[in-house]
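Examination of the molecular architecture
Take a look at the letters that make up each chain.
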Amino acid sequence: VGVLILVGVFVGVQHLRDSRYASATNDDPIAHLRLYFCGSLSSFSLWTKEYFLRADQPTWGVYSAAGLFQLLGVKERDLGLYRDFMELGGGERTNIYTIFRGLIADFTAVGSVIILTVCGFISGRSYQRVREGHICYLPLLTCFYATTICGIPTSLFNYNTLTTSII
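A separate point is the confidence of the model for the chain. Detailed reading of the predicted coordinates is not advisable wherever pLDDT is low. Counting all residues, the mean pLDDT for the chain is 77, and 74% of those residues have values of 70 or more. Of all secondary-structure elements in the chain, the lowest mean pLDDT belongs to helix α2 (residues 19-25), at 49, while helix α5 (residues 99-131) reaches the highest, 91. Long-range and interchain partners of residues 20-25, a stretch whose pLDDT sits below 50, account for 3 contacts in this model, where long-range means more than four residues apart.

Here's what the structure looks like:
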């Protein structure tokens, strides 16, 4: 029932949001639904292939902690963090919504695996310490849970209000 409600809400919002565009192009909201829920993984795969061919330099946190970088005055946060879209096989264009894209762009593929391993170790240790009654580790564990549950499309640390509320 929840999935049906979610699909209904998505189609309704998509229709309201893109009603002028959809009527001009005869777009189907169900096609948008399929693209938004399933297209990101395919586009991430294509982006990864192109990214490794370009061999860009790491951006050292610009995509994983954009809010913090803006707050500290290091780099102004762009509206729409990821501006490049990937074209899928059927000519459909979609963006890449995954926390892993920012990590790879910021710290390279090897660096992101190292960071995720260290974060996993710290989170596991925090969980163990909280179970033993040491609540001082609770903020670390809360940060891990918030990122794991809600941070799939992008890093929660891109948004200052979310970062502040987690910490």
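From this point, the discussion proceeds with the structure in view.
Of all hydrophobic cores here, the largest spans 7 residues; its members are Phe44, Trp47, Tyr51, Met86, Ile96, Ile104 and Ala105. Of all the secondary structure elements, the ones that give two or more residues to this core are α3 (29-54) and α5. The leading source of residues in this core is α3, at 3 residues.

Turning next to the side chain of Asp106. One can find Asp106 in helix α5. Under the relative-accessibility criterion, Asp106 is labelled buried at 0%. Ignoring sequence-local partners within four residues, the contact set of Asp106 consists of Pro58, Thr59, Trp60, Gly61, Val62, Tyr63 and Ser64.

In this structure, the largest pocket occupies an estimated 700 Å³ of space. Lining the largest pocket we find 24 residues, and of these Ile99, Cys119, Cys143, Thr147 and Phe157 sit closest to its centre. Contributions of two or more residues to the lining of the largest pocket are made by α5 and α6 (138-150). Top element by residues in the lining of the largest pocket is α5. It accounts for 10 residues. Grouping the amino acids of the lining of the largest pocket by side-chain chemistry returns 16 nonpolar, 8 polar and no charged.

Reading guide: rules and limits
- Residues numbered from 1 in each chain as written.
- Predicted model: local features only at pLDDT ≥ 70, side-chain atom pairs only at ≥ 80, totals over all residues.
- Heavy atoms only, no water.
- pLDDT = per-residue confidence, 0-100.
- Helix = DSSP H or I, 4+ residues; strand = E, 2+ residues; numbered from the N terminus.
- Contact = heavy atoms within 4.5 Å.
- Core = buried A, V, L, I, M, F, W, Y, C linked by side-chain atoms within 4.5 Å.
- Buried < 20%, exposed > 50% of the residue type's maximum accessible area, 1.4 Å probe, protein only.
- 1 Å grid on protein atoms, 1.4 Å probe; cavity = no way out; pocket = protein on both sides within 12 Å on 5 of 7 lines; lining within 4 Å.
- Points joined across faces, edges and corners; volume = space filled by probe spheres on them.
- Nonpolar A, V, L, I, M, F, W, Y, C, P; charged D, E, K, R; others polar.

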